[in-house]
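What follows is each chain in one-letter form.
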Amino acid sequence: MIRTVDLVGDIGTLAVRTLPQLIKLAKHEDPRIRRYVAEAIGTVAERETHLDITCVKALLELITDEDALTTRNAVFSVARLGPLARTAAIVNVLKKTIYHWHHHVRGWSVEALLRIDDPEANAFILGYLNMARWDPSPKSGDRTATNIPMRKNDD
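Residues numbered from 1 in each chain as written. Predicted model: local features only at pLDDT ≥ 70, side-chain atom pairs only at ≥ 80, totals over all residues. Heavy atoms only, no water.

### Some points on the overall build of the chain
Helix and strand counts for the chain stand at 9 helices and 0 strands. For the chain, the sequential pattern of α-helices and β-strands runs α-α-α-α-α-α-α-α-α. Going through the 155 residues of the chain one by one, you find that 39% of them count as buried. Counting only contacts in the chain whose residues sit at least 6 apart along the sequence, the fraction spanning at least 24 positions is 64%. By element, 54% of the accessible surface of the chain is carried by carbon and sulfur atoms, the whole surface being about 9,600 Å². (Helix = DSSP H or I, 4+ residues; strand = E, 2+ residues; numbered from the N terminus. Buried < 20%, exposed > 50% of the residue type's maximum accessible area, 1.4 Å probe, protein only. Contact = heavy atoms within 4.5 Å. Areas by Shrake-Rupley, 256 points an atom, 1.4 Å probe, with all protein chains shown as cover.)

### Some thoughts on helix H1 (residues 2-11)
Restricting attention to buried positions, one finds in H1 the residues Val-5, Val-8 and Gly-9. Summarising the axial view, the buried residues of H1 lie within an arc of 100 degrees, below the 170-degree limit, and thus occupy one face. Opposite the buried face of H1, at more than 90 degrees from it, the exposed residues are Arg-3, Leu-7 and Asp-10. Those residues of H1 that are buried are in contact with helix H2 (19-25) and helix H3 (31-44). Where H1 ends, the next residue or the one after it, Gly-12, has phi of about 75 degrees, a positive value. (Arc of directions from axis to C-beta.)

### Notes on helix H7 (residues 103-116)
The terminal C-alpha atoms of H7 lie 20 Å apart, and with 14 residues this matches the ideal 20 Å at 1.5 Å per residue to within 8%. What H7 keeps buried is the set Val-105, Ser-109, Val-110, Ala-112, Leu-113 and Ile-116. Looking at the buried positions of H7, the neighbouring elements they touch are helix H5 (68-81), helix H6 (88-97) and helix H8 (119-132). With its phi angle positive at about 60 degrees, Asp-117 sits one or two positions after the end of H7. (Expected span 1.5 Å × (residues − 1).)

### A word on the environment of Cys-55
Tracing the sequence through the fold places Cys-55 in helix H4 (residues 53-63). Excluding anything up to four places from it in sequence, Cys-55 contacts Leu-19, Ile-23 and Ile-41.

### Looking at the nonpolar core
Counting 41 residues, the largest nonpolar core has Leu-22, Val-37, Ile-41, Leu-51 and Val-78 as the members making the most contacts within it. Listing elements by their share of this core, those giving two or more residues are H1, H2, H3, H4, H5, H6, H7 and H8. Setting aside chain neighbours within four positions, we find Leu-51 in contact with Ala-45, Val-56, Leu-59, Leu-81, Leu-84 and Ala-85. (Core = buried A, V, L, I, M, F, W, Y, C linked by side-chain atoms within 4.5 Å.)

### Side note on the packing of aromatic side chains
Inspection of the entire model under this criterion finds 2 aromatic pairs. Each ring, one from Phe-76 and one from Trp-108, has its centre 4.7 Å from the other, and the planes form 85 degrees; the classification is edge-to-face. Taken as a pair, Phe-76 in helix H5 and Trp-108 in helix H7 lie far apart in primary sequence, 32 residues in all. Look at Trp-108 and you get partly exposed, because its relative accessible area is 28%. Consider the rings of Tyr-99 and Tyr-128, whose centres lie 5.6 Å apart with planes at 80 degrees: the pair is edge-to-face. One end of the pair, Tyr-99, is in the loop between H6 and H7; the other, Tyr-128, is in helix H8, with 29 residues separating them in the sequence. Classification of Tyr-99 as exposed rests on a relative accessible area of 52%. For Tyr-128, a relative accessible area of 14% translates into the label buried. (Phe/Tyr/Trp six-rings, centres within 6.5 Å; stacked < 30°, edge-to-face > 60°.)

Structure, rendered in structure tokens:
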């Protein structure tokens, strides 16, 4: 089943007729299947002119999934869909996932909010990014975070 869903995602927009089956699989008990479904929805529906409400509901469920990789893939799909996924519910859930413990979920949430191209989402993400730049905690890559000593000529 996982390989089939992955293959449908790889086929992309040519597999648009499988979207109803993907939406049904969004509630599958196996988180590995939900991960692939979350990503496939974005690649399959990418060129649609309108997202069906069942597709939006499936994305909302997948974004709030207990499995972080499912959440990451669902947020990635929203980023891929951009304005096509623009609903108040999607914007509101992305405002919460921006604080998710998984760094990929946070990163793709920023991207999704930007790509949705919604005034409320843009204002929120601008405020978030403005605040985040003043975070005093060490980041990966910082010399203090990685314990790499500074050399004499690194000023």
